[in-house]
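Descriptive structure summary
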Amino acid sequence: MTDPANPFSRLPSVDSLLAQPEMIGLKQRYGHSAVVACLRFELAKLREALSIQPSFEYDLGKLIQDCRQHLAAQFKPSLQPVFNLTGTVLHTNLGRALLAEEAVQAVLAVLASPCNLEYDLASAGRGDRDDHIVGLIRELTGAEAATVVNNNAAAVFLLLNTLAMRKEVIVSRGELIEIGGAFRIPDIMSRAGAKLREVGTTNRTHLKDYAEAISPRTALIMKVHRSNYAIEGFTASVAEEKLAELAHEKALPFVEDLGSGTLIDLSTYGLPKEPTPQQALALGTDLVSFSGDKLLGGPQAGILVGSKALIGKLKRNPLKRALRVDKLTLAALEATLSLYRSPELLARQLPTLRLLTRTQEDIQGLAQRILPAVQSTLNDHAVVSVAPCRSQIGSGSLPVDLLPSACLVIAPKGKGGGKSLNRLANAFRELPIPVIGRLEDGALRFDLRCLEDETTFVDQLKALNP
Ligand SMILES: *Cc1c(COP(=O)(O)O)cnc(C)c1O
């Protein structure tokens, strides 16, 4: 009913809107209550417009369109895929390692079905969730025993809390690291209840420094892989075998936080060498911790390998229950580790290794192929060219440019400088699959090392609004 004295009476009712044919699809997709809430919201906006300007005429088509957009935006997941063209392969902020297809399938298989997570199919008795991966880890690292927790920070925390509560842990001053995202060895140590006993100096630590620090209060000698920085020049550190020997003379465990922990010799792929857990164990380290989603190329996890006695202690700490991984992580980790049984296929099957070993020639070819599409999309706004560049491994490997690669350089046309550059970068981030690059020297740079789906990349350029 329209009351000429009351402009609000011109607005449709929620019920009449729900009866519109376009609403049926929306109700099926989002449910009745979400559509009603959205209509109420949109009607409130129209009432507000009418209260300011009583002659305002609403448009039914626009109202329905607004409602459709509102619901689509509301239901869009916050966590979504992006194109990582930053040039850092294992980018912590972009989710680190991409899972292999085999790992994805393994996760899918246990997602919506019961599984034998803690059930022993042979004996019909209770099982241990770690058992699904311990065999593989032992086989690949030569360790006596292993366990797994949520991430490497949790692994270090569990290790310190179990073996060094109210006691001292001897660490070289040159290894008191901070990894991005507030992982600091001294902080983790105090939260775990252990007391840090720093020895040596930032650049030089000798065996004697460790030996002199040992007392009845000592629980452990610890080595921390320097992951994300290097100390160069007049330096000295003590080799693992010497530290292990010293620790064992005093009946102390020697433990190492390896950080990245690759299981293969990366130098055979032309990549910089990184220490492996199997080497650390062979040198006498009693317990080694490393990440699942760095160079290993699996899901987020912290893996601990070492002696049966020490792993047993970790597993009996009630904190293990609080730090344990779920079935999805175990499924992905088992499938990832399983790929290491076929080393010849690894560079193809494991995305992390596939991306790290991609040749500059291959990436350059890709850059030339997609250059025309990107240039024609941006014709009025930017000049696009191909240039050589260097990618980084990321996630605690040395933060120096290492891997020869190729990038698209997108330089804004005309004046406008930083403003037009930021507008371009925003436009790429607003695409259905946001594209994340790097701003450098007045241009937007896309390192194409991690671009594998070039069809989707090119197809969505038509949605770009520069
Ligand atoms: C990356 C890293 C950690 C933290 O590992 P997360 O898996 O991110 O928790 C700890 N120590 C070292 C040496 C590292 O490189």
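Moving on to the overall build of the protein chain. From N to C terminus, the protein chain includes 19 helices and 17 strands. Along the first, second and third principal axes, the C-alpha atoms of the protein chain reach 95 × 60 × 45 Å. Here the protein chain, with 466 residues, has 47% of them falling under the buried criterion. Sequence-distant contacts, at least 24 apart, represent 73% of the contacts inside the protein chain between residues at least 6 apart. Element-wise, carbon and sulfur atoms account for 52% of the exposed surface of the protein chain, whose accessible area totals about 22800 Å².

Read across the open sheet, the seven strands follow the order S4-S12-S11-S10-S9-S5-S8; overall the sheet is mixed. Single-partner strands in this sheet number two, and they are strand S4 (145–149) and strand S8 (195–199). Along the sheet, successive strands turn relative to each other by an average axial angle of 25°, direction set aside. Direction of pairing for S4 relative to strand S12 (residues 302–306): antiparallel, over a ladder of five bridges. Residue pairing for S12: valine 148 is matched across the bridge by isoleucine 303. Packing against the sheet, helix H7 (residues 152–164) makes contact with S4, strand S5 (168–172), strand S9 (218–224), strand S10 (254–259), strand S11 (287–291) and S12, and its axis sits at approximately 160° to S9. The strands that helix H12 (residues 308–316) touches are S4, S11 and S12; relative to S4, the one it contacts most, it runs at about 30°.

So, on to the packing of H7 against H12. Interaxial distance between H7 and H12 falls to 9 Å at its minimum, and their mutual angle equals 100°. One finds that H7 runs roughly perpendicular with respect to H12. On H12, the residues touching Leu158, Leu159, Thr162 and Leu163 of H7 are Leu310, Lys313 and Leu314. The class makeup of the residues in the contact of H7 with H12 is five nonpolar, one polar and one charged.

This part takes up the site of the ligand. Near the ligand there are 13 residues, and of these Ala153, Ser227, Asp257, Ser291 and Lys294 occur at the shortest range. One of the side-chain nitrogen or oxygen atoms of arginine 96 is found 2.9 Å away from an oxygen atom of the ligand. Within the contact set of the ligand, an oxygen atom lies 2.8 Å away from a side-chain nitrogen or oxygen of lysine 294. In isolation the ligand offers 380 Å² of accessible surface; the protein chains occlude 94% of this area. Among the residues forming the shell around the ligand, the class breakdown is four nonpolar, six polar and three charged.

What follows covers the sheet that holds strand S13 (residues 382–391). Read from one edge of the open sheet, four strands run S13-S14-S17-S16, paired in antiparallel fashion. Taken across any chain shown, the strands that pair with only one partner, and hence form the sheet edges, are S13 and strand S16 (438–440). Averaged over all adjacent pairs, the angle separating strand axes in this sheet is 35°, with direction ignored. Pairing analysis gives three bridges linking S16 to strand S17 (residues 443–447), with the strands arranged antiparallel. Within the sheet, the bridge partner assigned to leucine 439 lies in S17 and is leucine 444.

To continue, consider the packing of helix H2 (residues 21–30) against helix H4 (residues 60–75). The contact between H2 and H4 brings their axes to 11 Å, and the two run at 10°. Classified by the angle between their axes, H2 and H4 sit roughly parallel to one another. The residues of H4 that touch H2, namely those facing Glu22, Met23, Leu26 and Tyr30, are Ile64, Cys67, Arg68, Leu71, Ala72 and Phe75. Taken together, the residues of the contact of H2 with H4 break down into eight nonpolar, no polar and two charged.

In this section: the domain arrangement of the protein chain. Split by domain assignment, the protein chain resolves into domain 1 (7–75), domain 2 (83–91 + 356–463) and domain 3 (101–345). Once you take the C-alpha centre of each, domain 2 and domain 3 turn out to be 35 Å apart.

End to end, helix H14 (residues 327–339) covers 19 Å across 13 residues, agreeing with the expected 18 Å (1.5 Å per residue, within 8%). Those residues of H14 not exposed but buried are Thr329, Leu330, Ala331, Ala332, Leu333, Ala335, Thr336, Leu337 and Leu339. For H14, the elements touching its buried residues are helix H5 (101–111), helix H6 (131–141), S4, S12 and helix H15 (343–349).

Tracing the backbone shows leucine 304 in strand S12. Look at leucine 304 and you get buried, because its relative accessible area is 0%. Separated by 159 residues in sequence, leucine 304 and alanine 145 place their C-alpha atoms 8.5 Å apart. Dropping the residues within four chain positions of it, leucine 304 is found in contact with Ala145, Ala146, Thr147, Ala155, Leu158, Leu159, Val288, Ser289, Ile311 and Leu314.

Inspection of the secondary structure puts serine 405 in strand S14 (residues 403–412). Side chain to side chain, serine 405 and aspartate 447 meet in a polar contact 2.7 Å long.

Taken as a whole and assessed by the stated rule, the structure comprises three aromatic pairs. Ring geometry for phenylalanine 83 and phenylalanine 457: centres 5.5 Å apart, planes at 85°, overall edge-to-face. Placement of phenylalanine 83 in strand S1 (residues 83–84) and of phenylalanine 457 in helix H19 (residues 454–459) is noted, with a sequence separation of 374 residues between them. With respect to class, phenylalanine 83 is no different from phenylalanine 457; both count as buried. Centroid distance phenylalanine 428 to phenylalanine 446: 4.9 Å. Interplanar angle 80°. Geometry classified as edge-to-face. Here phenylalanine 428, found in helix H18 (residues 417–429), pairs with phenylalanine 446, found in strand S17; they are 18 residues apart in sequence, far enough to count as distant. Taking relative accessible area as the criterion, phenylalanine 446 reaches 1% and is therefore assigned buried.

Although it is not a glycine, arginine 166 sits at a positive phi angle of roughly 60°. Inspection of the secondary structure puts arginine 166 in the loop between H7 and S5.

Inspection of the entire model under this criterion finds 20 salt bridges. Close ionic contact of lysine 315 with aspartate 130 constitutes a salt bridge, the shortest N to O distance being 3.0 Å. Of this pair, lysine 315 sits in helix H12 while aspartate 130 sits in the loop between strand S3 (125–126) and H6, and the two are 185 residues apart along the sequence. Among the residues examined, aspartate 130 registers a relative accessible area of 0% and is labelled buried. With its nearest N and O atoms 2.7 Å apart, the salt bridge here joins glutamate 139 to arginine 341. Of this pair, glutamate 139 sits in helix H6 while arginine 341 sits in the loop between H14 and H15, placing them 202 residues apart in sequence. Residue classification places arginine 341 among the partly exposed positions, given a relative accessible area of 46%. Look at the salt bridges and you will find they share partners, linking Glu118, Arg126, Arg129 and Arg324 into a network.

What counts, and at which threshold
- Residues numbered from 1 in each chain as written.
- Predicted model: local features only at pLDDT ≥ 70, side-chain atom pairs only at ≥ 80, totals over all residues.
- Heavy atoms only, no water.
- Helix = DSSP H or I, 4+ residues; strand = E, 2+ residues; numbered from the N terminus.
- Buried < 20%, exposed > 50% of the residue type's maximum accessible area, 1.4 Å probe, protein only.
- Contact = heavy atoms within 4.5 Å.
- Areas by Shrake-Rupley, 256 points an atom, 1.4 Å probe, with all protein chains shown as cover.
- Pairing = 2+ DSSP bridges.
- Axes fitted to C-alpha atoms, helices over the stretch in contact; angles between N-to-C directions.
- Parallel < 35°, antiparallel > 145°, perpendicular 65-115°, else oblique.
- Nonpolar A, V, L, I, M, F, W, Y, C, P; charged D, E, K, R; others polar.
- Near = heavy atom within 4 Å.
- Polar contact = N/O pair within 3.5 Å; in protein donor to acceptor, adjacent residues only side chain to side chain.
- Domains from an automatic or database assignment.
- Expected span 1.5 Å × (residues − 1).
- Phe/Tyr/Trp six-rings, centres within 6.5 Å; stacked < 30°, edge-to-face > 60°.
- Salt bridge = Lys/Arg side-chain N within 4 Å of Asp/Glu carboxyl O.

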